[in-house]
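# Examination of the molecular architecture
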Amino acid sequence: QVRLVESGGGLVQAGGYLRLSCAGSGSISSINTMGWYRQGPGSQRELVATITSGGSTNYADSVKGRFTISRDNAKNTVFLQMNSLKPEDTAVYYCNVRDWLGVGRDYWGQGTQVTVSS
C-alpha cells in the first residue's frame, strides 16, 4: 500500500519560484531513487530530476541550475525547489519512487499542476 502525495503546485509568474513536496508512505525500502517527472501541454512525460537514497542527483538539461531536488530519507519525502520559473515549465509534475528491493517497482503520485505565466 505505497502511496505518494504531491503538494506545492500552483500558479506563479515567470521568474518566480515554487517548492514541490512528495510524501511517501507504505512499504518503501531504504534503497530507492526518488524523482520528479512532468508532462506539459501536448508533450510526453519527461524526467525532471532524480535523487538516490545516497544523495546523488541527476537533472534534465532544461532545469539544471534552476531546480534543486532533495529528500528526507527518514520520512520518505522528496522535494523539488523550482527557481527562475519559465512558462515552458508549465506542466503536471509527478512524483516517482523507484524501489530497488527485489525485482524493483515504480510508484507514482497523482500529480500537481504547475502553471507559469508570462
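Our subject is the structure listed above.
Here is a short report on the structure shown in this document. (Residues numbered from 1 in each chain as written. Predicted model: local features only at pLDDT ≥ 70, side-chain atom pairs only at ≥ 80, totals over all residues. Heavy atoms only, no water.)

## Thoughts on the sheet that holds strand β8 (residues 77-82)
Put simply, the rule reads: At least two DSSP bridges between two strands are needed for those strands to be called paired. Only DSSP runs of H or I with at least four residues qualify as helices, and only runs of E with at least two residues qualify as strands; both kinds are numbered from the N terminus onward. For every element, the axis is a line fit to its C-alpha atoms; helices are fit only across the contacting stretch, and the angle between N-to-C directions ranges from 0 to 180 degrees.
Across the sheet, four strands lie side by side as β1-β3-β8-β7; this open sheet has antiparallel pairing. Whereas interior strands pair on both sides, the edge strands pair on one side only; in this sheet they are β1 (3-7) and β7 (67-72). Strand-to-strand twist in this sheet, taken as the mean axis angle between neighbours without regard to direction, amounts to 15 degrees. In terms of strand pairing, β1 meets strand β3 (residues 18-25) through five bridges, oriented antiparallel. Paired with E6 across the two strands is C22, which belongs to β3.

## Concerning the nonpolar core
Inside soluble globular proteins, nonpolar side chains tend to come together where they are buried. Heads up, the condition is: Within this scheme, the nonpolar core is defined by two criteria: the residues are buried Ala, Val, Leu, Ile, Met, Phe, Trp, Tyr or Cys, and they are joined through side-chain atoms within 4.5 Å. Three labels apply to residues, based on accessible area from a 1.4 Å probe with only protein chains included: buried if under 20% of the type maximum, exposed if over 50%, partly exposed otherwise in between. In this description, contact between two residues means that some pair of their heavy atoms is separated by no more than 4.5 Å.
Judged by nonpolar contacts, the single largest core of 27 residues is most densely connected at W36, L80, M82 and Y93. Put simply, the parts of the chain that give this core at least two residues each are β3, β4 (32-39), β5 (46-52), β7, β8, β9 (91-99) and β11 (112-117). By residue number, the principal contributor to this core is β9, which donates four residues. Setting aside its immediate chain neighbours within four residues, L80 contacts L18, R19, L20, W36, V48, A49, F67, T68, I69 and Y93.

## Regarding the pattern of salt bridges
Quick note on the threshold: We define a salt bridge as a side-chain nitrogen of Lys or Arg found within 4 Å of a carboxyl oxygen belonging to Asp or Glu.
As enumerated under the stated definition, the model contains five salt bridges in all. A salt bridge links E46 to R38, with the nearest nitrogen and oxygen atoms 2.8 Å apart. The partner of R66 in a salt bridge is D89, with the nearest N and O atoms 2.8 Å apart. Placement of the pair is R66 in the loop between β6 (57-59) and β7 and D89 in the loop between β8 and β9, with a sequence separation of 23 residues. Here R66 and D89 have matching classes, each one buried. Salt bridges here are not isolated pairs; linked through shared partners, they connect R38, E46, R66 and D89.

## Comments concerning the state of the cysteines
Each disulfide is one covalent bond, formed between the sulfur atoms of two cysteines. Test applied: By disulfide we mean two sulfur atoms from cysteines, separated by a distance within 2.5 Å.
This model, assessed by the stated rule, comprises one disulfide. Two residues, C22 and C95, share a disulfide whose sulfurs are 2.1 Å apart. Where C22 bonds to C95 through sulfur, the torsion about that S-S bond is close to -85 degrees, and the disulfide is left-handed. Of this pair, C22 sits in strand β3 while C95 sits in strand β9, placing them 73 residues apart in sequence. No difference in accessibility class separates C22 from C95, as the two residues are buried.

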